[in-house]
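# Commentary on secondary and tertiary structure
Each chain is listed here by its residues.
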Amino acid sequence: MASIELMLGGGSLLNQVGRDLNTMVERQLAPLGLTAQQAALLLHASRGIRTPSQLKQQLGTDTAGMTRLLDRLANKGLLRRVQHPDDRRSIIIELTADGQALVPRLPPIFGRANKQLFHGFTTDEITLMTGMLTRMLSNLAA
C-alpha cells in the first residue's frame, strides 16, 4: 500500500484539479448567468432526466441543494416544475423555451474545459485515468 503522505498528496491534487476545472467552467458560463451545476442540470434535463431525484443523483447534490437549484433556474425562467403525468404525488422538470435555447451553448463550454484539462494526454492515458477515478468513486461509496 502507498504511504499516507503520497495518498494525502494525491487527494489534495485531485481536489485542486476539481476546483480549478470548476473555476474555469464557471468563468465561461458567467456571461450566460449560470453556474456549472445549473448548466449541468439543464443539460441532464434536456436529455430526458426529468425528476428531481434523478437529477440530484446525476449532480451529486442533496434534496435541499436540488430544491435551491430548481428554484434559481425557475426564477431565471429556464425551467418549470409540472405535475408528473403518471404520479400526481411527484413532479417532473420541463425546460422553458429560454432554457431549451441555452442548451446548445453548454456542451462546447464543458468541451473546451475538458480539452484543456486533457491537453497532451493520449487516449490510453485518459482511459486509464477514467478507470482509476471511477474506482476511487466506488471506493468512497463503499
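Note: the structure precedes this text.
Let me begin by describing the structure that accompanies this report. Everything quoted here is computed from the prediction, not taken from an experiment.

### Quick notes on the side chain of H44
Considering the arrangement of structural elements, one finds H44 in helix α2 (residues 36-46). Excluding anything up to four places from it in sequence, H44 contacts I49, L55, Q58 and L59.

### Some points on the packing of helix α3 (residues 52-59) against helix α4 (residues 63-75)
α4 packs onto α3 with a crossing angle of 105° between their chain directions and a minimal axis gap of 10 Å. One way to sum up the angle between α3 and α4 is to call them roughly perpendicular. Here P52, L55, K56 and L59 of α3 come into contact with α4, specifically with T63, M66, L69 and L70. A breakdown of the residues in the contact of α3 with α4 according to their chemical character gives 6 nonpolar, 1 polar and 1 charged.

### Observations regarding α2
Most of α2 is tucked away, with 9 of its 11 residues classed as buried. Every buried residue belonging to α2 is among A36, Q38, A39, A40, L41, L42, L43, H44 and A45, and all of these are buried. G48 sits one or two residues past α2 and shows a positive phi near 100°.

### Digging into the nonpolar core
Considering soluble globular proteins, one finds that nonpolar side chains tend to be buried as a cluster. Within the largest apolar cluster, 27 residues are counted, with the highest numbers of intra-cluster contacts made by L29, L34, L41, L42 and L106. Listing elements by their share of this core, those giving two or more residues are α1 (4-29), α2, α3, α4, β2 (91-95) and α6 (106-117). Not counting residues up to four positions away in its chain, the partners in contact with L42 are L34, L73, L78, L95, L102, V103 and L106.

Each value, and the rule that gives it
Residues numbered from 1 in each chain as written. Predicted model: local features only at pLDDT ≥ 70, side-chain atom pairs only at ≥ 80, totals over all residues. Heavy atoms only, no water. Helix = DSSP H or I, 4+ residues; strand = E, 2+ residues; numbered from the N terminus. Contact = heavy atoms within 4.5 Å. Axes fitted to C-alpha atoms, helices over the stretch in contact; angles between N-to-C directions. Parallel < 35°, antiparallel > 145°, perpendicular 65-115°, else oblique. Nonpolar A, V, L, I, M, F, W, Y, C, P; charged D, E, K, R; others polar. Buried < 20%, exposed > 50% of the residue type's maximum accessible area, 1.4 Å probe, protein only. Core = buried A, V, L, I, M, F, W, Y, C linked by side-chain atoms within 4.5 Å.

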